[in-house]
Amino acid sequence: MSTGIEHPDGWLQVKIPLPYSLKWVNAYLLPGPEGWTLIDPGLRTSETERIWTAFMEEAPVSWNRIAKIVLTHHHPDHYGLAGWFRERTGANVWMSETARAAAVRMWGENETYSGEMLEAFREHGLPSELAREMQAHLLGFRERVSPQPEEVRYLEAGKPVAMGGVDWEPVAGEGHAPGHLSFYDRTGKRLICGDQVLPDISPNIGWMPGGDGNPLASYLSSLESMRELDVEAAYPGHRDPFGGFRERVDELLRHHERRLDKIAEGIGDEKISSFDVCERLFGTHLRGNLHNLRFALAETIAHLILLETRGVLARDRGSWQRK
Ligand SMILES: [Zn+2]
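Going along each chain's sequence as written, the residues are numbered from 1 onward. Local features in this predicted model are restricted to residues whose pLDDT is 70 or higher, and side-chain atom pairs enter the listing and the counts only when it is 80 or higher, whereas totals over whole chains, interfaces and linings include all residues. With hydrogens and water excluded, all non-hydrogen atoms of the structure serve as input to the side-chain values.

Asks: Just checking my understanding: could you explain the sheet that holds strand β14 (residues 313-316) for this structure?
Replies: Two strands in a sheet stick together by hydrogen bonds in their backbones, pointing the same way (parallel) or opposite ways (antiparallel). The antiparallel open sheet is built from three strands, whose spatial order is β13-β15-β14. Pairing within the sheet leaves two strands with one partner each, and these edge strands are β13 (272-273) and β14. Pairing analysis gives four bridges linking β14 to strand β15 (residues 319-322), with the strands arranged antiparallel. Note on β15: the bridge partner recorded for Asp316 is Ser319. Across the sheet, helix α10 (residues 290-309) lies against β14 and β15, angled at about 115° from β14, the strand it touches most. Strand pairing is defined by DSSP finding a minimum of two bridges between the two strands. The way it works is that DSSP assigns letters per residue, a run of H or I at least four long becomes a helix, a run of E at least two long becomes a strand, and they are numbered from the N terminus. Any two residues having at least one pair of non-hydrogen atoms within 4.5 Å are treated as being in contact. Angles run from 0 to 180 degrees between N-to-C directions of axes, and those axes are lines fitted to C-alpha atoms, restricted for helices to the stretch in contact.

What follows is the structure, encoded as structure tokens:
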């Protein structure tokens, strides 16, 4: 096991493997006078536990020198090991209050979220059989985020947080996950992106029940404001650190406009369900990959909702037609 990829100022980037198409999530370790800050430790699996245990034996980091565990958002591939790390280090876990509420809603004791998702997606045309399998698949994530930290400290957008000897400004980003935070170092022109802006792949922007009613509109306006940040080095949640931040933001903006056009072109006067639009766009092979199908359907619905608010489509529950 390597001891991570070292970046300027002694930062360590540790690639934590994921059993999905995303391949890995980046955990970042920032050394500072107060100890190390660990950002987004990854999904909890027996493999990732083994990787971190081996890492701690070799790296210049030790369990009791981890001072803070910081999360950009609540998705299991970022948040999963937060409680596990807290148990071993005693460090406090920091995230936004909204992100914490989302984690409790999805994996808390009296979870009702997966049932709401099943009902909502059925209305959008997902066949019942697939909807039930998807619900079971979603519930399977609970063990990947357990134990969950019992206590969490809250971060707020614009209220600086000390990490690695630098005061970072949490920047709210909408559309990918409720309460998502990126972290900006204005002096060093660095941004820890989380999943808000990624190189090579476009972050999933999906509609889910009980969340943002128009996540793609929120995402696009978040990107418009984030593109004003002066960033020389961007540290994403997936793939590798990159330059050209503003160009990448512009590419993502164009990508969604192209996709909106493509979806709109395929819809005529006949009503079509969100699920049928999704299969036209992404193909029927996703029926064999419920993880990707959930993201694809949520992403399709997010685009359809924005087309409705732009006056292009008319909606009847989970079906759409040209206006
Ligand atoms: Zn995410």
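Asks: It is not clear to me how the UniProt feature "domain: Metallo-beta-lactamase" (unreviewed entry) in the protein should be interpreted in this structure. Could you clarify?
Replies: UniProt positions are given in the numbering used here, feature names are shortened, and annotations may be inferred rather than shown by experiment. In this structure's numbering, the residues bearing the UniProt feature "domain: Metallo-beta-lactamase" (unreviewed entry) are residues 24-238. Counting secondary structure, residues 24-238 comes out at 33% helix and 25% strand; the distance between its end C-alpha atoms is 6 Å.

Asks: What should I look at first to understand helix α7 (residues 215-226) in this one?
Replies: Note that an α-helix has 3.6 residues per turn; residues three or four places apart therefore point the same way. In a helix, the anticipated span is given by 1.5 Å times the number of residues less one. Between the first and last C-alpha of α7 there are 16 Å, a value that for twelve residues agrees with the 16 Å anticipated at 1.5 Å per step. Buried residues are those whose accessible area, probed at 1.4 Å on protein chains only, stays under 20% of the maximum for their type, while exposed residues exceed 50% and partly exposed ones sit between those limits. When α7 is considered as a whole, its buried residues turn out to be Pro215, Leu216, Ser218, Tyr219, Leu220, Ser222, Leu223 and Met226. Turning to α7, the residues buried within the fold contact β9 (166-173), β10 (180-185), β11 (190-194), α8 (245-265) and α10.

Asks: Before we go on, may I ask you to explain the nonpolar core in this structure?
Replies: For soluble globular proteins, the rule of thumb is that nonpolar side chains tend to be buried together. By size, the foremost hydrophobic cluster in this structure holds 89 residues, and its most contacted members are Leu29, Trp52, Ile66 and Phe121. Top element by residues in this core is α10. It accounts for eleven residues. Setting aside residues no more than four positions away along its own chain, Trp52 makes contact with Val14, Ile16, Ala27, Leu29, Leu38, Pro41, Trp63, Leu81, Trp84 and Phe85. Joining through side-chain atoms within 4.5 Å is the link that ties buried Ala, Val, Leu, Ile, Met, Phe, Trp, Tyr and Cys residues into a set, and such a set is a nonpolar core. Counting residues in each nonpolar core, the second largest holds 14 residues, with Leu30, Met163, Ile192 and Tyr235 among its members.

Asks: Looking at this model, I keep getting lost on the coordination of the zinc ion. Mind explaining?
Replies: A metal bound by six donors in octahedral fashion has ideal angles of 90 or 180 degrees, whereas one bound by four tetrahedral donors has an ideal angle of 109.5 degrees. Protein-derived coordination of the zinc ion comes from His73 (NE2), His75 (ND1), His176 (NE2) and Asp195 (OD), at a distance range of 2.1 to 2.3 Å. In this listing, donors mean N, O and S atoms no farther than 2.8 Å from the metal, or 3.2 Å for Na, K and Ca; water is missing from the atoms, so a site can look incomplete. Metal sites are grouped by the angles between bound donors: all angles between 85 and 135 degrees with four donors is tetrahedral, opposite donors over 155 degrees apart with the others between 65 and 115 is square planar for four donors and octahedral for six, and any other pattern is irregular. Around the zinc ion, the four donor atoms are arranged such that angles at the metal cover 90 to 173°; this shape is classified as irregular. Between consecutive donor residues of the zinc ion, the sequence gaps follow H-x1-H-x100-H-x18-D. Taken together, the residues span a long stretch of sequence, with His75 in the loop between β5 (66-70) and α2 (76-79) and Asp195 in the loop between β11 and α7 at a distance of 120 residues. The class of Asp195 is buried, set by a relative accessible area of 4%.

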